[in-house]
There are 2 protein chains.
Amino acid sequence: MAQIKDVAKRAGVSVASVSRVLAGHTGVTEATRQRVLEAVQAMDYRPDLAARRLRSRRTDTVGLIVSDIRNPFFTEVSRAVEDMAYQNRMRVILCNADENPEKEALYLDLMRDENVSGVILSPSLPTLAHFRIQDYPFPVVLVDRCDRETTADAVVLDNTDSAYRLTIHLIEQGYRRIAFIYGATSATGRQRQEGYVTAMATHGLETLTQAVPATVDAARIAASELVQGSLFPDALMGSNGLILLGLVEALREARLQFPEQIGLAGFDDLPWTRLVEPGITVIAQPTYDIGQATIELLLQRIAHPSQSVRRVVLRGELRERGSSVRRKDATL
Amino acid sequence: MAQIKDVAKRAGVSVASVSRVLAGHTGVTEATRQRVLEAVQAMDYRPDLAARRLRSRRTDTVGLIVSDIRNPFFTEVSRAVEDMAYQNRMRVILCNADENPEKEALYLDLMRDENVSGVILSPSLPTLAHFRIQDYPFPVVLVDRCDRETTADAVVLDNTDSAYRLTIHLIEQGYRRIAFIYGATSATGRQRQEGYVTAMATHGLETLTQAVPATVDAARIAASELVQGSLFPDALMGSNGLILLGLVEALREARLQFPEQIGLAGFDDLPWTRLVEPGITVIAQPTYDIGQATIELLLQRIAHPSQSVRRVVLRGELRERGSSVRRKDATL
DNA sequence: CTGTTAGCGCCTTCAC
DNA sequence: GTGAAGGCGCTAACAG
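Residues numbered from 1 in each chain as written. Chains lettered and ligands numbered in written order. Predicted model: local features only at pLDDT ≥ 70, side-chain atom pairs only at ≥ 80, totals over all residues. Heavy atoms only, no water.

1. Things to note about the overall build of chain A
Thinking step 1. Helix and strand content of chain A: 13 helices and twelve strands.
Thinking step 2. Dimensions of chain A, computed from C-alpha atoms along their principal axes, come out at roughly 90 × 40 × 30 Å.
Thinking step 3. Residue pairs at least 24 apart in sequence account for 70% of intrachain contacts in chain A once pairs closer than 6 positions are excluded.
Thinking step 4. For chain A, the computed accessible surface area is about 14,500 Å², with 49% contributed by carbon and sulfur atoms.
Thinking step 5. Across chain A, the centroid of the 39 positively charged side chains sits 7 Å from that of the 41 negatively charged ones. (Helix = DSSP H or I, 4+ residues; strand = E, 2+ residues; numbered from the N terminus. Contact = heavy atoms within 4.5 Å. Areas by Shrake-Rupley, 256 points an atom, 1.4 Å probe, with all protein chains shown as cover. Lys, Arg positive; Asp, Glu negative; His and termini not counted. Charge placed at Lys NZ, Arg CZ, Asp CG, Glu CD.)

Structure representation (structure tokens):
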């Protein structure tokens, strides 16, 4: 492997000049610049990143800690982060916390060891509860999940408002006993539940909520009990794509047709929500945009460590489909 | 930040001893070992990875270059890789090539710059065609995609055989004019197409194949033309989950019911294939196992650079569902 | 504008 | 068994 001094020798300059040219510093004669670049090219010189990182004390690396990589929401966010990061000459270290606070802590610790330039994190509820930005030696931008109280850069959906609009939609379609099944491990689920509660209260309706671990199976089991119990909901709402999937499975098992026998709506416009007849009404999240906004916020923060804390809130879009059409016997 | 010399000072030993203890070397008195560990603990000392990497010339980092992170197959593979890698004290650098050979080349180059310990790659067809393991200064294990000719460690599905079995299943169910729509950018698609062709030939049936870019939209458009054209297929097969999704969309648009009006089957047992009535017949891939086997192979290769090349072939599992049930008018 | 040089923090011979 | 010392390859401060 060619080293910087080999390049310097070949170009007939000092290592400092080579370094300067490669760093894009000004104050180098065009002539030397050319000679250096030529030598670099000829020798296929590649700076040793370990050495550079040791010397410069920066890694140009972003840590991405997602709650659950299997959730298509996070997949798409990761894709956006990855795209933008490499465009900005940054590496991405991927970590999947599997909704496990201990793993989150472990990975955050690892990020410290790695001396990353910054971290993107979608914290679980326990982590978020104790989260203080000043506990970390690197900038952190939260994505998807954050509290009103959290003092940190963040990019989130308008969760409460979106859930409110979705609930109102169901109410307007004539549903009354609407049950809300939501993920207990995230701030997002809770905020969406708040929106649901507010909407129900506005119309003087009783609420019916159920917190579950954010998995398909947990949602399926909870929904099964709900529809077969004595509470007789006339519509089901799920707080995210995985939970919504569990609800559909439960309704299939119970042989309940939607919207004829029970209404259905949820979050995340996943491909299958259009394919399951007659289509499922959802709030679509601008997932790629969320990821993009997050990495942009992080890059800005890295560039300007002391700029004021920002929160970017993106709007969810209601996509009405067959699963929530007006009940024949509805009376408003 | 505490450094190794601070720890040494506090423990009353030399930096060499600290280094030895931390590296788990033998030949250190239990007494000094204890004093060092105590000091490390007390000072919350963390070795500087950049320095360690420069000095040791190894990064303990794995590069993961997937074709398309949105494909749930690769999501699950990534999850397994990530799990196992961190369990083995390795970092994972994530790269999403988006089925783009240029991006693949770019990322492979980047892996070289990063001096990674090894790379996991799911190559596009062009990359695979020119792929020679000796062109890279690090071990590479291929995942999901590889040719018969490729001389490299690899973990793949029994693509040809699985496709053969799936096709035979359709034939046995009475389908005759079976069309196969497959991803043109991967060896996988082509191998599955071979299995289809073999199965059709076995029964003296005419083949009907269509290569498309491996995206939902491309598959949808191709399928639309196919079912509305003059070739009148009586069944459709898709070579992976994204393509299968496109096929379903096309059938919906054309208002063709499966299995009544047309049979349907494909690859990848995604959640929605059970939910789309009456369920879609698929070959299920052991995705997590594939990922796990891949990283294990890579770790072995890193440990034993000169061990013989290995190929791990995992078996796909046929899951029969309603979309391929026997046609009423079938005559074998 | 260019070159010389002193480290960045750690590991690892090599003596003792 | 332990310590002293020389780099790993690069950047940046300083001097010219």
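2. Considering the domain arrangement of chain A
Residues and elements named next belong to chain A.
Thinking step 1. Per the domain assignment, the segments of chain A are domain 1 (4-47), domain 2 (61-157 + 287-317) and domain 3 (159-285 + 318-324).
Thinking step 2. In this structure, domain 2 and domain 3 have C-alpha centres spaced 28 Å apart.
Thinking step 3. In this assembly, 19 residues from domain 2 lie in contact with 24 residues from domain 3.
Thinking step 4. For the domain 2 face of the interface with domain 3, the top three residues by lost area are L125, L157 and E317, together amounting to 40%.
Thinking step 5. Inspection of the domain 2/domain 3 interface yields three salt bridges. (Domains from an automatic or database assignment. Buried area = accessible area lost by both parts, 1.4 Å probe. Salt bridge = Lys/Arg side-chain N within 4 Å of Asp/Glu carboxyl O.)

3. Quick word on the relation of the copies chain B and chain A
Thinking step 1. Overlay of chain B on chain A (RMSD 0.2 Å): rotation 180 degrees, translation along the axis 0.1 Å. In short, the pair behaves as if placed about a two-fold rotation axis.
Thinking step 2. Looking at chain B, 100% of its interface residues are interface residues in chain A too, so the copies touch through the same face. (Least-squares fit on C-alpha atoms with pLDDT ≥ 70 in both.)

4. Some points on the protein's contact with DNA strand D
Thinking step 1. The local shell around DNA strand D holds 23 residues, among which I4, Y45 and R55 of chain A together with T29 and R55 of chain B are the closest.
Thinking step 2. In DNA strand D, the atoms that sit within 4 Å of the protein are 67% sugar and phosphate, with bases accounting for the remainder.
Thinking step 3. Contacts to DNA strand D include Y45 of chain A, whose side-chain N or O atom sits 2.5 Å from a phosphate oxygen.
Thinking step 4. Here R55 of chain B contributes a side-chain N or O atom positioned 2.5 Å from a base nitrogen of DNA strand D. (Near = heavy atom within 4 Å. Polar contact = N/O pair within 3.5 Å; in protein donor to acceptor, adjacent residues only side chain to side chain.)

5. Quick notes on the interface of chain B and chain A
Thinking step 1. Facing the 42 residues of chain B at the interface are 42 residues of chain A.
Thinking step 2. For the pair chain B and chain A, the two sides together bury roughly 4,100 Å², of which 52% comes from carbon and sulfur.
Thinking step 3. Three residues, R46, L94 and L275 of chain B, lead the burial of chain B against chain A; their summed loss comes to 16% of the area buried on that side.
Thinking step 4. The tally of links from chain B across to chain A stands at 20 salt bridges.
Thinking step 5. A salt bridge links E277 of chain A to R252 of chain B; its shortest N-O distance comes to 2.9 Å.
Thinking step 6. Counting the contacts that link chain B with chain A gives 28 residue pairs in polar contact (both at pLDDT 80 or more).
Thinking step 7. Elements that contribute at least two residues to the side of chain B that touches chain A include exactly α4 (49-56), α5 (72-87), β2 (91-96), α6 (101-114), α11 (241-253) and α12 (271-275) of chain B.
Thinking step 8. In terms of residue count, α6 of chain B provides more of the side of chain B that touches chain A than any other element does, seven residues in total.
Thinking step 9. Among the residues making up the side of chain B that touches chain A, the classes are represented as 19 nonpolar, two polar and 21 charged. (Nonpolar A, V, L, I, M, F, W, Y, C, P; charged D, E, K, R; others polar.)

6. Comments concerning the protein's contact with DNA strand C
Thinking step 1. In the vicinity of DNA strand C lie 24 residues, with T29 and R55 of chain A together with I4, Y45 and R55 of chain B positioned nearest.
Thinking step 2. Sugar and phosphate atoms constitute 62% of the interface atoms of DNA strand C, taking the interface as everything within 4 Å of the protein.
Thinking step 3. A distance of 2.8 Å separates a phosphate oxygen of DNA strand C from a polar atom in the side chain of R52 of chain B.
Thinking step 4. Contact distances for DNA strand C include 2.2 Å between a base oxygen and a side-chain N or O atom of R55 of chain B.
Thinking step 5. Every element with two or more residues in the surface near DNA strand C is listed here: α2 (15-23) and α4 (49-56) of chain A together with α2 (15-23) and α4 of chain B.
Thinking step 6. Broken down by element, the surface near DNA strand C gets its largest block of residues, four residues, from α2 of chain A.
Thinking step 7. Looking at the surface near DNA strand C residue by residue, the classes come out as ten nonpolar, eight polar and six charged.

7. Examining α11 of chain B
One turn of the α-helix equals 3.6 residues, which is why residues spaced by three or four share an orientation.
All names here are of chain B.
Thinking step 1. Compared with the 18 Å implied by 1.5 Å per residue over 13 residues, the 19 Å span of α11 between its first and last C-alpha is a close match.
Thinking step 2. For α11, a buried count of eleven out of 13 residues is recorded, marking the element as mostly surrounded by other parts of the structure.
Thinking step 3. By the N-cap criterion, in which a side-chain oxygen at the helix start approaches the backbone nitrogen of a residue two or three places on, α11 is capped by N240, the distance to L242 being 2.9 Å. (Expected span 1.5 Å × (residues − 1). Buried < 20%, exposed > 50% of the residue type's maximum accessible area, 1.4 Å probe, protein only.)

8. A few points about unusual backbone geometry
Thinking step 1. Omega for the peptide link from F258 of chain B to P259 of chain B comes to 5 degrees, which places this bond in the cis form.
Thinking step 2. Phi angles above zero are rare outside glycine, and R89 of chain A is one such case at about 55 degrees.
Thinking step 3. Counting through the fold element by element, R89 of chain A comes out in the loop between α5 (72-87) and β2 (91-96).
Thinking step 4. Note on R89 of chain A: relative accessible area 70%, which makes it exposed.
Thinking step 5. Here F232 of chain B, not a glycine, exhibits a phi torsion of approximately 45 degrees, which is positive.
Thinking step 6. Following the sequence through the fold, F232 of chain B ends up in the loop between α10 (216-228) and β8 (235-238).

9. Things to note about the sheet that holds strand β12 (residues 317-319) of chain B
Residue and element names in this part refer to chain B.
Thinking step 1. Spatially, β7-β6-β8-β9-β10-β12 is the arrangement adopted by the six strands of the open sheet, whose pairing is mixed. With partners counted over all chains shown, the strands left at the sheet margins are β7 (208-212) and β12, one partner each. For this sheet, the mean inter-axis angle between neighbouring strands, taken without regard to orientation, is 15 degrees.
Thinking step 2. As paired strands, strand β6 (residues 178-183) and β7 are joined by five bridges and run parallel to one another. Bridge assignment links F180 to a residue of β7, and that residue is T209.
Thinking step 3. Those strands touched by helix α8 (residues 159-172) are β6, β8, β9 (263-267), β10 (281-284) and β12, and its axis lies near 165 degrees from that of β9. (Pairing = 2+ DSSP bridges. Axes fitted to C-alpha atoms, helices over the stretch in contact; angles between N-to-C directions.)

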